[in-house]
Amino acid sequence: AQSVAQPEDQVNVAEGNPLTVKCTYSVSGNPYLFWYVQYPNRGLQFLLKYITGDNLVKGSYGFEAEFNKSQTSFHLKKPSALVSDSALYFCAVRDDYGQNFVFGPGTRLSVLP
Amino acid sequence: DAGVTQSPTHLIKTRGQHVTLRCSPISGHKSVSWYQQVLGQGPQFIFQYYEKEERGRGNFPDRFSARQFPNYSSELNVNALLLGDSALYLCASSLVTGNSPLHFGNGTRLTVT
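As the structure is a prediction and not an experimental result, all values here were calculated from the model.

S.K.: Would you mind showing me how to read the layout of surface pockets here?
M.R.: Space left empty within the atom packing is revealed by a probe, the size of a water molecule, rolled over the atoms. Here the largest pocket is characterised by a volume of approximately 280 Å³. L44(A), Q45(A), H103(B), F104(B) and N106(B) are the residues nearest the centre of the largest pocket, which is lined by 13 residues in total. For the lining of the largest pocket, the elements supplying multiple residues, two or more each, are β6 (44-50) of chain A together with β10 (103-104) of chain B. At three residues, β6(A) tops the list of elements feeding residues into the lining of the largest pocket. In terms of residue class, the lining of the largest pocket is made up of seven nonpolar, five polar and one charged. Taken as a whole, the second largest pocket spans an internal volume of roughly 240 Å³.

Structural data, given as structure tokens:
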């Protein structure tokens, strides 16, 4: 069965500093990995995905994520955080066999001015 | 192009009642999925439909049902509502059932009293 862990409920970072939101996963086949962001009272917005190829994936709004197969991790990163990046971030995984996405519990990112 | 649209945006129902939620996918998307997001948690998979057939079902009771119409829009039905059904119900569409990302609507906030 697929599963996703986001070990931090909350991440606080100062504006202009780099940010990292952590994600680890478990799948039985090849992983397809995704990051989404959710603003209050809104649906989830797609940021980026890893399917195959380069381990560093670039996405929307300056975000990137690093895939590490040996550590089964897919951490979300941004070199310089903005106050407007403050939101709820979800990591998701699906494998070769599954029809559905499995989401992590979410990490609340607060960027302090 | 219009994104995924869901109706209604908010709904208040009483225990034991029935509810129908509606979703229109992005034009050209033939796969529609439904997720339940309880406050403070990640989205939980309920159903996936592709080409009007059920392709996946999550761990939800039979009170939950769905269907997809010839125009690829979808309905989620919940019978005999319980207080625990209170949540944000998210609809997502995608191009194919492979590694395409899900594109979410803003959800229907269901409150059961």
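Don't stop here, the text continues.
S.K.: Mind showing me how you'd approach the interface of chain A and chain B here?
M.R.: Quite often, the size of an interface is put as the accessible area lost when its parts meet. In this assembly, 19 residues from chain A lie in contact with 21 residues from chain B. Inspection of the region where chain A meets chain B yields zero salt bridges. Our enumeration of links across chain A and chain B arrives at five residue pairs in polar contact (both at pLDDT 80 or more). Counting residues per element, the ones that place at least two in the side of chain A that touches chain B are β5 (32-38), β6 and β10 (87-94) of chain A. If one sorts the elements of the side of chain A that touches chain B by residue count, β5(A) sits on top with four residues.

S.K.: Looking at this model, I keep getting lost on the state of the cysteines. Mind explaining?
M.R.: Cysteine pairs can be covalently joined through their sulfur atoms, and such a bond is termed a disulfide. In this structure the tally under the stated criterion is two disulfides over all chains. Covalently, C23(A) is tied to C91(A) through a disulfide, its sulfur atoms 2.0 Å apart. On the S-S bond that ties C23(A) to C91(A), the torsion sits near -60 degrees, and the link is left-handed. Highlighted residues: C23(A) in the loop between β3 (19-21) and β4 (24-26) and C91(A) in strand β10, separated in sequence by 68 residues. Here C23(A) falls in the buried class, since its relative accessible area comes to 0%. Here C23(B) pairs with C91(B) through a disulfide, and the sulfurs are 1.8 Å apart. Measuring handedness by torsion sign, the sulfur bridge of C23(B) and C91(B) sits at about -65 degrees and is left-handed. Taken together, the residues C23(B) in strand β3 (residues 19-24) and C91(B) in strand β9 (residues 87-94) connect sequence positions 68 residues apart. Across the pair, exposure class does not vary: C23(B) and C91(B) are buried alike.

S.K.: Got a minute to help me understand the pattern of salt bridges in this structure?
M.R.: In a structure, side chains of opposite charge can pair up when their charged atoms sit close to one another. Per the counting criterion, the structure on display carries nine salt bridges over all chains. Linking K58(A) and E64(A) is a salt bridge whose minimum nitrogen-to-oxygen distance equals 2.9 Å. A relative accessible area of 17% means that E64(A) is categorised as buried. We note a salt bridge from R67(B) to E75(B), for which the minimum N-O separation is 3.3 Å. Via salt bridges that share partners, R22(B), R67(B) and E75(B) belong to a single interconnected network.

About the thresholds
Residues numbered from 1 in each chain as written. Chains lettered and ligands numbered in written order. Predicted model: local features only at pLDDT ≥ 70, side-chain atom pairs only at ≥ 80, totals over all residues. Heavy atoms only, no water. 1 Å grid on protein atoms, 1.4 Å probe; cavity = no way out; pocket = protein on both sides within 12 Å on 5 of 7 lines; lining within 4 Å. Points joined across faces, edges and corners; volume = space filled by probe spheres on them. Helix = DSSP H or I, 4+ residues; strand = E, 2+ residues; numbered from the N terminus. Nonpolar A, V, L, I, M, F, W, Y, C, P; charged D, E, K, R; others polar. Contact = heavy atoms within 4.5 Å. Salt bridge = Lys/Arg side-chain N within 4 Å of Asp/Glu carboxyl O. Polar contact = N/O pair within 3.5 Å; in protein donor to acceptor, adjacent residues only side chain to side chain. Disulfide = S-S within 2.5 Å. Buried < 20%, exposed > 50% of the residue type's maximum accessible area, 1.4 Å probe, protein only.

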